[in-house]
Amino acid sequence: MLSKTIKTFTALVAMSALGATGAFAQESDDPIIIPTHNWNSQIVMSHVVGKLLERAGYNVEYTPTDSQAVYESVRLGDVTLELEVWEGAFGQSFNAALKKGGIVDVGDHNAVTREDWWYPAYMEELCPGLPDWQALNRCASQFATPETSPKGRFLAGPVDWLKHDQERVDALGMDFIVVNAGSASALWAELESASKRRAPIVLFNWTPNFIEAVYEGKFIEFPEYGKGCKDDPAWGPNKEETHDCGNPANGYLKKAAWDGMEAKWPGAYRILEKLSFTNPQIAKMAALVDVDELEPEEAADVWLDENEQVWKSWLQ
Amino acid sequence: MMLARPWLPDALLRPPAVLLLPFADWLNAFSDYLQNDLQLTIFTRAIADVVQFILDVVNNFLLGGRKGLGLPAVPWLTVAALAGLLGYFLGGTRLALLSGGTFTYLALFGQWKLAMQTLALVFVSAPAAVLIGLLLGIAAQRKRWLEVSIAPLLNIAQSLPHFSYLLPVVIFFGVGHHAGAIATIIFATPPMIRMTLLGLKRIQPEIIEAGRTSGCSPRQRLWLVEVPSARQEIMVGINQVIMQCLAMVVIASFIGAPGLGYKLLLLLQSLRIGDAIEIGVSIVLIAIMLDRLTLAWAYRVPEYHGDERFLVRHKYLLGAIALAAVSIAIAALEPYFYFIPRREGLSTGFLWDPIVDWITLNLFDPLQVFRHFVALYILIPVRDLYQWAPFSAVMLLYTGLGWCIGGRTCALLIFSFLGFIALSGWWDRAMITAYMITVAVSVCIVLGLTLGIWASRSPSRAKRALLLCDTFQTFPSFIYLIPVIMLFQVNDLSAIAAVTIYAMIPAVRYTIEGLRNVPVPLQEAVTSAGANRLQRLVQLELPLALPHIMVGINQTVMFSLFMVVIAAFIGTQDLGQEMMRALSFNDLGKGLVLGFCVAFLGLTIDQLVSHWERRRKRELGLAE
Amino acid sequence: MDGKTSGVIRCESLWKIYGPDPGGIFRKHDGAPSDEALKESGHIAAVNNISLEISRGEMLVVMGLSGSGKSTLVRCLSRLVESTAGRVEMDGQDLFALDEKELIELWRHKMGMVFQHFALLPHKTVLENVAFPLQMQGITPDVRRAKALEMIELVGLSGRENYFPRELSGGQQQRVGIARSLAVDPGIWFLDEPFSALDPLIRREMQDEFLRLQEMLKKSIVFITHDFDEALRLADRIAILYHGKVEQIGTPEEIVMNPATDYVARFTSEVPRARVLTVGSFVVAGEGDGVEPVAKDTPIASILRRIVLSPDARIPVVEDNGRHLGVIDRNALLDALFG
């Protein structure tokens, strides 16, 4: 530890002696710390990127981190980067961290994200007209439980995901009551139970996600998202309310980094800027673990072997 | 006041907004002050580096790798063999099988790496917690002011939900393996302080005088006389520390601790319940093994070997060296005995999934009726009642109860606990928590007492029931959540069911202990008076065991408060859910205030029950 | 016997007051708070203005019932407890003037103490327990082992050096306690009810053993007991304590013959006098009639048979050195026993 401190110290001295030009900035031996979250595509992606950085000569460490709290950790430099900033889920935390400083936006992946109301395929038989939201609303009573009866029950994500489902239900005048699950696991447990019994269910889901590989299903089509829907009441079908639309069907998936990363590991930062994954690539990463039951590290190796042409250019 | 509700002013129904105090803002300001003005983070980060370094060394020893000392890992066969020998040394064949068998299980099921990461965390956190606890306990015994000021802090610390510790740790120590270790240390230290203090206080004064008249300097007296004399309590403290460490395994993974806990959450996330249960079994095995080993160590009576021949005297040491050499040689020849990767390990996952499927398919519909009934006729009315009750009436009721049972101090404490909740602005959420706890604890009492009475009727049954209690207590409660949701969906009933499963453990345990510890002469007296089994139970055993059972019920309340926070992962609207939200948004102040609210709910009940129990024990002449 | 004039231990006006403000109440009443004043202010004087002297080689038995302050007194004398006021001298050294270091030195070399509940260290063997005070002095293991073995032999526990306290009976444990207290060869020996926790037969055996030891070692002893019989058997002098005050101090005989207060008399009334009284108390001038003389220290019990069986004999009494003192006054003796 002492040696590490000394090393950091001398590196700092060297950097300040050479001035802020960064022309002679040295690549640090310190490990680049990559956070892993609690969904498998992200963990595999982290290992894919980690292994790439190792091939480029960097030390890499992984640390499990909460997916919201991670932005604070990136800001403080406790973790070096973040590979999956979902517009819908983490945009707010990311923007808040940007405002506080210490974190930088390193560009978007090719992949787009979508998070919205979703149903398993067998529901189309039970409720004709899906995926249209008005058709869903007509079948609302099928989704009722004792607590929500006679209204239907929509199983939403945890409250801290801030999806404004209640506002949408109100704005569109739907006969649904929003029930918040406490975790993603809770969503999948209900989905698993319901689809085993082919019971009606409509719940919050997103893509890319391993669920696509296990269950067939579709997103509900709400009035299409447009700028102004969330803050301008005049926008959309309901002229008095905001949130009268679905979530963006093409949300961004960003990369972010600690603002000291570029100076400390310039080469690694270049790689981070270049790399970009597509929806099918991410889905494949998830499936390697969730369907083929590989360990994340193994899955990363498999993916790297199969996709050399994808990542080769990033390392140059 | 309940009846007069319609005429009460609003200010007595809900805590008026003008009175609410921004505790959370104060805490955040304080935290900012510590971080930015005092630069405390420089200090805490230095500690974090030290902890990380120690972890690296331990990790390196167990798993090999570049970090730490850069040594190759010890083969699993060696670890299992040495653990078996240690078990034999401390407790004979059964313990040898348990400890050797646990490590063999971990290896064969391909969980070696995860388990070693978890063990590294325990091996670093537990000694640190023991050391800190021991020193603080000693200091508190020396300095009266410290003892007086540390007692309430310990009470609060032991009733704060695990999650409350996480945010401050993240802010001051960062995230990662070391942060998990530090959170675990903080969580595990209080019982050690308590047991050290208790042990030191229980030493006969004569022993201390014997030390003084033998000419001990104060330091000699402490380390050669007092600490060894308090050995049993200190060992029980160490045992509790280890149990607390394992209770934190899953939760520590929220802030970056790798290992079994992290894997468990991931598996649950992708609904691989069978694999998750396997991990749960690993955690239980590790916990029970460490528990039995430390207990065997605690109660081990020293033996004298000074006059035996060298070979005999050092037989265990020599045996260990021989075992290590042989097992390393075997592992060198056959890599299977060195390390078994996950994919080559055994798995019973395929067994469990059909069971879970069968349960969902076949039990869901029959339970539907039950679910509707409970939701409509029990949960919703109770919930509404708790929400409807004026806060002033609730406070008055409990303060009054405190006055009757425990006198003025007790009443004052309860008033300030509930007052804090009211002024913090979380009264409504706290009432939801209170309602869930009330229902869960009521069910626990009915079921737990019944089970406990049934199990206490024969010694062997009692023993098996207690082992089951140990198992369930260390089984990671997160695993219950998934099947419960599958059966009851996301709603309060699921949360209450999950809480009930976990919180029933102490109710059962203490009922068994209480009933089995009724003094034999009394039992004989009642039997010779012609009482049958039922009469003996009702007339003698239950009344005498009741104080102890009440301790169990008190624990049940504590357990249910811990679990209700975890049940937020199902989806609730109570304090626990808000705490998760605070955690997500790095709101340290809010997280702590919510933690205090939960702790104060628990402490209110604790005040009432423990005062009653102490008084009752005195009346029965059972007090120490 | 110069010891009679300069005590090995002397205490003067020793006070130990318990309560909210012991020092305050003591000063307020100019060093002599009355019983009422103490009681009113919620204080208790466990040691109430006690002055004593123990000479070299003398055994003082402090006798009192529970709550009489006897345990506190011995702790004040050994400075295990800080006294409220007064003075204790040990070989002329002011005990209260010692700082902690000097006090530890004093304990290491001059004092030994035996406790009611043995107070053995449960994690150490018999040998290690006995050697413990030597270990504290920093003596090398070999030397302290030899010395400890010697002590163990002295108390008759040879062969059990490597037992742990829990493996011994109560009597054996107290032998370990005695051996430990003697290991540093202390000049002064405190025994706090050493035999109270033992059953009666063992207690008797231990008393004999103790007398044998004292015969050999000639320590200056403060021995605490609540058992008047024990006090009579062992003591050179007895101090009877009641509510923290010395009711009477004197030889067993003086106390039995002339109880100073009603409280003392309540103990002495039941005492079999023949065991306490010695021949010396019943001497009148005269010449013996040729029968075998008896020493003046002989307890009456041991010659009672002769006196009763030969009513007319004139039994001569002699001093230790054989000088003739007189003859036994038969009538006075029988009056004392049965009158």
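Our next topic: helix H8 (residues 200-217) of chain C. Residues and elements named next belong to chain C. Over its 18 residues, H8 runs 25 Å from end to end, which matches the ideal 26 Å to within 8%, given 1.5 Å per residue. All of the buried residues in H8 are Met-206, Gln-207, Glu-209, Phe-210, Leu-213 and Gln-214. Buried-residue contacts for H8 involve strand E3 (59-63), helix H6 (141-154), helix H7 (170-182), strand E7 (188-192), strand E8 (220-225) and helix H9 (228-234). Lys-218 lies just past H8 and shows a positive phi near 55 degrees.

A word on the state of the cysteines. One pass over the full model with this rule turns up two disulfides over all chains. With a sulfur-sulfur separation of 1.9 Å, Cys-127 of chain A is cross-linked through a disulfide to Cys-139 of chain A. Taking the sign of the torsion about the S-S bond as the criterion, the disulfide between Cys-127 of chain A and Cys-139 of chain A, at about 85 degrees, is right-handed. Of this pair, Cys-127 of chain A sits in the loop between helix H5 (123-126) and helix H6 (133-138) while Cys-139 of chain A sits in the loop between H6 and strand E6 (152-156); the two residues are twelve residues apart in sequence, bridging distant segments of the chain. Summarising the burial analysis for this pair, Cys-127 of chain A and Cys-139 of chain A share the class buried. The connectivity of the disulfide-linked cysteines in chain A, indexed sequentially, is 1-2, 3-4. In this structure Cys-597 of chain B is not part of a disulfide, and its nearest cysteine sulfur, from Cys-410 of chain B, lies 19 Å away. By relative accessible area, which is 0% here, Cys-597 of chain B ends up buried.

Residues and elements named next belong to chain C. Domain boundaries in chain C define domain 1 (54-271) and domain 2 (275-338). A straight line from the C-alpha centre of domain 1 to that of domain 2 covers 35 Å. Listed by partner, the interface residues are eight residues for domain 1 and six residues for domain 2. In total, domain 1 and domain 2 occlude about 520 Å² of area from one another, counting both sides; carbon and sulfur atoms represent 64% of this. Taken together, the connections running from domain 1 to domain 2 amount to zero salt bridges.

Next up on the list: H6 of chain C. Residue and element names in this part refer to chain C. A rise of 1.5 Å per residue sets the reference length of H6, with its 14 residues, at 20 Å; its end C-alpha atoms lie 20 Å apart and thus fit the reference within 8%. All buried positions along H6 are accounted for by Arg-144, Ala-148, Met-151, Ile-152 and Leu-154. The buried residues of H6 occupy an angular sector of 150 degrees when the element is viewed end-on, so they sit on one face. Those residues of H6 that are exposed and angled more than 90 degrees off the buried face are Asp-142 and Glu-153. Contacts from the buried residues of H6 go to helix H5 (126-137), H7 and H8.

Tracing the chain through its elements places Ser-55 of chain C in the loop between strand E2 (44-54) and E3. Ser-55 of chain C gets classed as buried once you look at its relative accessible area, which sits at 8%.

Another point: the interface of chain B and chain A. Where interface size is given, it is often the accessible area lost as the parts come together that is meant. On the chain A side, the residues contacting the 52 residues of chain B number 57 residues. Overall, the association of chain B and chain A removes approximately 4500 Å² of surface from exposure, summing both partners, and the carbon and sulfur fraction of that is 56%. The largest share of the area that chain B buries against chain A comes from Gln-269, Arg-272 and Val-490 of chain B, three residues that together contribute 14% of it. Counting across the chain B and chain A interface gives four salt bridges. For Lys-263 of chain B, the salt bridge identified is with Glu-295 of chain A, shortest N-O distance 3.0 Å. Between chain B and chain A we count 15 residue pairs in polar contact (both at pLDDT 80 or more) in total. Where the side of chain B that touches chain A is concerned, the elements lending two or more residues are helix H3 (40-63), helix H14 (260-269), helix H18 (349-388), helix H22 (478-488) and helix H26 (575-584) of chain B. Of all the elements, H18 of chain B adds the most residues to the side of chain B that touches chain A, at seven residues.

Contacts between the two partners involve 28 residues from chain C and, on the opposite side, 22 residues from chain B. Buried area between chain C and chain B, both sides added, is near 2200 Å², and the carbon and sulfur share of it is 60%. Seen at the junction of chain C and chain B, the total is one salt bridge. For Arg-75 of chain C, the salt bridge is made with Glu-209 of chain B, and the minimal N-O distance between the two is 2.5 Å. Mapped by element, the contributors of at least two residues to the side of chain C that touches chain B are helix H4 (100-109), strand E6 (111-114) and H5 of chain C. Among the residues forming the side of chain C that touches chain B, the class breakdown is 15 nonpolar, six polar and seven charged.

Rules and cut-offs
- Residues numbered from 1 in each chain as written.
- Chains lettered and ligands numbered in written order.
- Predicted model: local features only at pLDDT ≥ 70, side-chain atom pairs only at ≥ 80, totals over all residues.
- Heavy atoms only, no water.
- Helix = DSSP H or I, 4+ residues; strand = E, 2+ residues; numbered from the N terminus.
- Expected span 1.5 Å × (residues − 1).
- Buried < 20%, exposed > 50% of the residue type's maximum accessible area, 1.4 Å probe, protein only.
- Contact = heavy atoms within 4.5 Å.
- Disulfide = S-S within 2.5 Å.
- Domains from an automatic or database assignment.
- Buried area = accessible area lost by both parts, 1.4 Å probe.
- Salt bridge = Lys/Arg side-chain N within 4 Å of Asp/Glu carboxyl O.
- Arc of directions from axis to C-beta.
- Polar contact = N/O pair within 3.5 Å; in protein donor to acceptor, adjacent residues only side chain to side chain.
- Nonpolar A, V, L, I, M, F, W, Y, C, P; charged D, E, K, R; others polar.

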